[in-house]
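Structure at a glance
This is what each chain is made of:
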Amino acid sequence: MGQMATPHCVGIVPSAGKGIRMGSSVKKQFLSLCGEPVLVHTLRVMQTCPEIDEIILVVPDEDRAFCREQIVEKHGFDKILSIISGGRERQDSVYAGLLSMVSPPDLVVVHDGVRPFLTGDMIRESLQLASQGVSAVVGVPVRDTIKSVDSSLMVTKTLSRDTLWSIQTPQVFCYRDLIRAYESAYRDGFLGTDDASLIERLGLPVQIIKGSNENIKITSPSDLVLGEAILKQRLEHADRTRI
């Protein structure tokens, strides 16, 4: 019996946000994190992941030239074959990435450009699950007590943490499922908060891969401070293991 072919995998990195909550004139994906833009840290992990064949970077239209020169070419990210303009919403940006593909891949990895602390293991475990036809989303168990409230902020219910997870990226899908989910969402005028929610609408299986509390999204000044601490700790650990 012949060996199964390795799935062709394309990563989509939506990085078209304006970063209003950051309160900075510099967009959050370009802010410095230990001397390099947040986006560079994210792309470096995807670039070095052997299972990802190509990357589509989605950025604000006015930043395409900057990203090509100062992000992609400067750092040698040769897996990034296209830099395209994003849309108004994150969902629009991911869809633009899907539509830009010349030939459909087997699997699609969607990962937020401002989550610089993903790991190769997260990607590999998610890809393994998605290659079996089950969409994979990285997440962590909720640690805080979660309460449901009404419009006047009166508590209506305390939810069980046992069944609640905080969802992150990467999220990995079969291309055929994801493009069908996006087409359905746009037909119905549905706007999801993540890609998996579009898959769920079709009744397709979605399973969580346990991620890390370090896999934060850089959206506010406090996130940037925490990100600096996480990165410095990782760099110190890497230095110690080389000794």
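The notes below deal with the structure included here. (Residues numbered from 1 in each chain as written. Predicted model: local features only at pLDDT ≥ 70, side-chain atom pairs only at ≥ 80, totals over all residues. Heavy atoms only, no water.)

Once that is clear, we can look at the nonpolar core. Of all hydrophobic cores here, the largest spans 33 residues; its most connected members are L43, L57 and I80. Those residues within four positions of L57 in sequence are excluded, and the remaining contacts are V13, S15, L39, L43, C67, V72, I80, S82, I83 and I84. Core analysis: the next-biggest nonpolar cluster, separate from the first, contains 22 residues, I56, Y95, Y175 and I179 among them. (Core = buried A, V, L, I, M, F, W, Y, C linked by side-chain atoms within 4.5 Å. Buried < 20%, exposed > 50% of the residue type's maximum accessible area, 1.4 Å probe, protein only. Contact = heavy atoms within 4.5 Å.)

A separate point is the sheet that holds strand β7 (residues 135-141). Taken in spatial order, the 7 strands make up an open sheet running β5-β4-β1-β6-β10-β7-β11, and their pairing is mixed. In this open sheet, the two edge strands, each paired with only one partner strand, are β5 (80-85) and β11 (206-210). On average, each strand axis in the sheet is tilted by 25° relative to the strand beside it, whichever way the strands run. Against the sheet, helix α3 (residues 90-99) contacts β1 (9-14), β4 (54-59), β5, β6 (107-110) and β10 (165-174), and its axis sits at roughly 150° relative to β1. With respect to the sheet, helix α4 (residues 120-130) is in contact with β1, β6, β7, β10 and β11, its orientation differing from that of β10 by roughly 55°. (Pairing = 2+ DSSP bridges. Helix = DSSP H or I, 4+ residues; strand = E, 2+ residues; numbered from the N terminus. Axes fitted to C-alpha atoms, helices over the stretch in contact; angles between N-to-C directions.)

Right, let's talk about the packing of α3 against helix α5 (residues 175-188) for a bit. Close contact between α3 and α5 brings their axes to 11 Å; oriented N to C, the two are set at 130°. It follows that α3 is oblique to α5 by the angle criterion. Like other packed secondary-structure pairs, α3 and α5 cross with a definite hand, here left-handed. From α3, Q91, D92, V94, Y95, L98 and L99 reach across to α5, where they touch Y175, L178, I179, Y182, E183, A185 and Y186. For the contact of α3 with α5, the class distribution of residues is 10 nonpolar, 1 polar and 2 charged. (Parallel < 35°, antiparallel > 145°, perpendicular 65-115°, else oblique. Left-handed = near helix turned anticlockwise from the far one by under 90°. Nonpolar A, V, L, I, M, F, W, Y, C, P; charged D, E, K, R; others polar.)

Our next topic: helix α1 (residues 38-47). The element α1 is largely enclosed, with a buried count of 9 among its 10 residues. Of all the positions in α1, only V38, L39, V40, H41, T42, L43, V45, M46 and Q47 are classed as buried.

The way to describe two aromatic rings as a pair is by their centre distance and the angle between their planes. Under the definition given, this model contains 4 aromatic pairs. Ring geometry for Y95 versus Y182: centroids 5.6 Å apart, planes at 5°, classification stacked. Here the residue Y95 occupies a position in helix α3, and Y182 occupies one in helix α5, the gap between them amounting to 87 residues. For the pair Y95 and Y182, a shared accessibility class is recorded, and that class is buried. Here the aromatic cluster, defined as three or more aromatic residues joined through ring pairs, consists of Y95, Y182 and Y186. (Phe/Tyr/Trp six-rings, centres within 6.5 Å; stacked < 30°, edge-to-face > 60°.)

Moving on, we get to a nonpolar patch on the surface. On the surface, V149, L153 and V155 cluster together to form a nonpolar patch covering roughly 290 Å² of accessible area. Among the structural elements, V155 can be located in strand β9 (residues 155-159). Among the residues examined, V155 registers a relative accessible area of 49% and is labelled partly exposed. (Patch = residues over 30% accessible without salt bridge, like charges linked within 9 Å, V, L, I, M, F, W, Y side chains within 5 Å. Areas by Shrake-Rupley, 256 points an atom, 1.4 Å probe, with all protein chains shown as cover. Salt bridge = Lys/Arg side-chain N within 4 Å of Asp/Glu carboxyl O.)

What follows concerns α5. An ideal rise of 1.5 Å per residue puts 20 Å on 14 residues; α5 measures up with 20 Å between its terminal C-alpha atoms. Within α5, burial applies to Y175, D177, L178, I179, A181, Y182, S184 and A185. Where α5 is buried, its residues contact α3, β6, β10 and α6 (195-201). G189 occupies a position one or two residues after α5 and carries a positive phi of about 70°. (Expected span 1.5 Å × (residues − 1).)

Time to look at unusual backbone geometry. Between T169 and the following residue, P170, the backbone shows a cis peptide bond with an omega angle of 15°. Relative to the assigned elements, P170 resides in strand β10. Even without a glycine there, the phi angle at C34 is positive, about 55°. Along the chain, C34 turns up in the loop between β2 (32-33) and β3 (36-37). When its relative accessible area of 29% is taken as the criterion, C34 is described as partly exposed. Its identity as a non-glycine residue notwithstanding, L153 has a phi of 70°, on the positive side. Its location among the elements puts L153 in the loop between β8 (146-149) and β9. By relative accessible area, which is 66% here, L153 ends up exposed.

So, about the pattern of salt bridges. As enumerated under the stated definition, the model contains 11 salt bridges in all. When the shortest N-O distance is used, the salt bridge between R90 and D195 registers 3.0 Å. Here the residue R90 occupies a position in helix α3, and D195 occupies one in helix α6, the gap between them amounting to 105 residues.

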